[in-house]
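This is what each chain is made of:
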Amino acid sequence: MTAPTIAFFTRLLDDASPAERYALATEQIRHAERHGVGRAWVAQHHFRAAEGGLPSPLVYLANVAAQTSRIRLGTGVVTLPLEDAVRVAEDAVVSDLLSGGRIDLGLGSGGTPSSFVPFGEDVREKAPTYDRKLRLLLDALGGRDIGADNTLYPDAGTLGDRIWQATFSAPGGHRAGIHGHGLLLSRTQPRSTDALHAPLSALQDPIIDAYLEALPDGVAPRVTASRTVFVADDRAEALRFAEVGLRRAAEGFRRQGQTIPGDTLDELIVALDTHLGTPEEVAESLAADATLDRATEVAFQVHSVDAPHEHVLRSIELFAEHVAPALGYTLTDTIKEKA
């Protein structure tokens, strides 16, 4: 198997105003590009600043595209049940054209349940709504009639070959596979009460199995595994930020009804599938994650440690310069700054 590439993932959660959040995330993506990171993923969240800072990812990525030159730019993810599928197709195509073909369209069915209400959708119907809107989106991107003899303009070019689906389940992996789409795996997942200490691979390997089994013959697998990674010059610094961020994250998950075992910081690091410390410590921790051996891309994100901006920049540097080479991950050519 070819060594995985690396990606940077952000939920745009810097402690700042919305405009500054966007500026800081853009600087982080540009920094990632300079250090040979091949793709940047941005998450979509509606209404609540503490969950994520970006309701309109394709608008944002069009702006990022104008400030970068090579790094691929992906939505991780557009919550499709809350969207008009034709408008998603149109916005994605325009963003793709403006970026020179660098957009990857990641889709998901989930989201905060209360966010469905303002969009006139029923969260209890999110699965069939997702399937219906996915069919329409694929018809649009495929140049097929989407009603009254209308087809997409501008046409989608090859964008339809760059769709990814996010899921927590094996049936979701099967759905991504049968379409020949990429598979997006989360940085952490809820555990059942009888398997609270199961490794993340125990939850995600069955998803990959279902995906690969459903993938059509001749279609190369695309598996992106996102992971919480914070690399620092010393472990004490990493733990200082994790003490705040992971406790806040654990409280948030518990409010949502999840069981997060343990209360010490070391226990929370394990329970929230976090890789942190020096480059050597992070490389050792990631090497023990069995699912990453099956990924074609490893996407690293600082959430839920959520360190300040300058420390995120340093983490990107340390990951690209030390962790990725130690694990054999593939970098693109770095971009030298102009004098």
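Look a little higher up for the structure.
Everything quoted here is computed from the prediction, not taken from an experiment.

What counts, and at which threshold
- Residues numbered from 1 in each chain as written.
- Predicted model: local features only at pLDDT ≥ 70, side-chain atom pairs only at ≥ 80, totals over all residues.
- Heavy atoms only, no water.
- Helix = DSSP H or I, 4+ residues; strand = E, 2+ residues; numbered from the N terminus.
- Contact = heavy atoms within 4.5 Å.
- Buried < 20%, exposed > 50% of the residue type's maximum accessible area, 1.4 Å probe, protein only.
- Pairing = 2+ DSSP bridges.
- Right-handed = clockwise from strand over helix to strand, strands pointing away.
- Salt bridge = Lys/Arg side-chain N within 4 Å of Asp/Glu carboxyl O.
- Axes fitted to C-alpha atoms, helices over the stretch in contact; angles between N-to-C directions.
- Parallel < 35°, antiparallel > 145°, perpendicular 65-115°, else oblique.
- Left-handed = near helix turned anticlockwise from the far one by under 90°.
- Nonpolar A, V, L, I, M, F, W, Y, C, P; charged D, E, K, R; others polar.
- Phe/Tyr/Trp six-rings, centres within 6.5 Å; stacked < 30°, edge-to-face > 60°.
- Lys NZ or Arg CZ within 6 Å of the ring centre and 35° of its normal.
- Core = buried A, V, L, I, M, F, W, Y, C linked by side-chain atoms within 4.5 Å.

### Structural notes on the environment of L239
Stage number 1. Position of L239 relative to the elements: it lies in helix α7 (residues 235–255).
Stage number 2. Put simply, L239 and I269 are 30 residues apart on the chain and 9.6 Å apart in space, counted from C-alpha to C-alpha.
Stage number 3. When neighbours within four sequence positions are excluded, L239 is seen to be in contact with L265, I269 and L276.

### Overview of the pairing of strand β6 (residues 182–185)
Stage number 1. The two faces of β6 match: G182 and L184 on one face and L183 and L185 on the other face are all buried.
Stage number 2. Here strand β5 (residues 163–166) runs beside β6; their pairing, made up of 3 bridges, is parallel. Paired with W164 across the two strands is G182, which belongs to β6.
Stage number 3. For the segment spanning β5, helix α5 (residues 170–178) and β6, crossover handedness is right-handed.
Stage number 4. Bridging between β6 and strand β7 (residues 223–231) involves 3 bridges; their strand directions are parallel.

### Let's talk about the pattern of salt bridges
Stage number 1. Scanning the model with the defined rule gives 20 salt bridges in all.
Stage number 2. A salt bridge links R247 to E243, with the shortest nitrogen-to-oxygen separation between them at 2.5 Å. In this pair, R247 and E243 are both assigned in helix α7, 4 residues apart and thus about one turn of the helix distant.
Stage number 3. A residue is classified by how much of its surface remains accessible, and R247, at 26% relative accessible area, is partly exposed.
Stage number 4. E243 gets classed as partly exposed once you look at its relative accessible area, which sits at 33%.
Stage number 5. Ionic contacts of the salt-bridge type, sharing partners, join the residues R39, R72, D104 and E297 into one network.

### Topic: the packing of helix α9 (residues 279–287) against helix α10 (residues 309–327)
Stage number 1. Packing of α9 against α10 brings their axes to within 9 Å, and their N-to-C directions diverge by 45°. In terms of orientation, α9 and α10 fall into the oblique class. Viewed along their axes, α9 and α10 form a crossing whose handedness is right-handed. The segment α9 lies against α10, with P279, V282, A283, L286 and A287 engaging L318, F319, H322, V323, A326 and L327.
Stage number 2. For the contact of α9 with α10, the residue count by class is 10 nonpolar, 1 polar and no charged.

### Section: the packing of aromatic side chains
Each aromatic ring pair is characterised by the separation of its centres together with the angle its planes make.
Stage number 1. Tallied over the entire structure, the rule returns 6 aromatic pairs.
Stage number 2. Judged by centre distance (5.8 Å) and plane angle (45°), the rings of Y22 and Y60 are tilted. Here Y22 is found in helix α1 (residues 18–34), whereas its partner Y60 is found in helix α2 (residues 57–66), with 38 residues between them in sequence.
Stage number 3. A network of ring pairs unites the aromatic residues F8, F300 and F319 as a single cluster.
Stage number 4. Positioned over the ring face of W164 is R222, at 4.8 Å from the centre of the ring.
Stage number 5. When the ring centre of F241 is taken as origin, the NZ or CZ atom of R240, which lies over that ring, is 4.5 Å away.

### Things to note about the nonpolar core
Stage number 1. Judged by nonpolar contacts, the single largest core of 73 residues is most densely connected at L141 and F319.
Stage number 2. Take this core: its biggest share by element is 7 residues, from α7.
Stage number 3. If sequence neighbours within four positions are ignored, L141 has contacts with A89, V93, L105, L152, A156, L159, G160 and I163.

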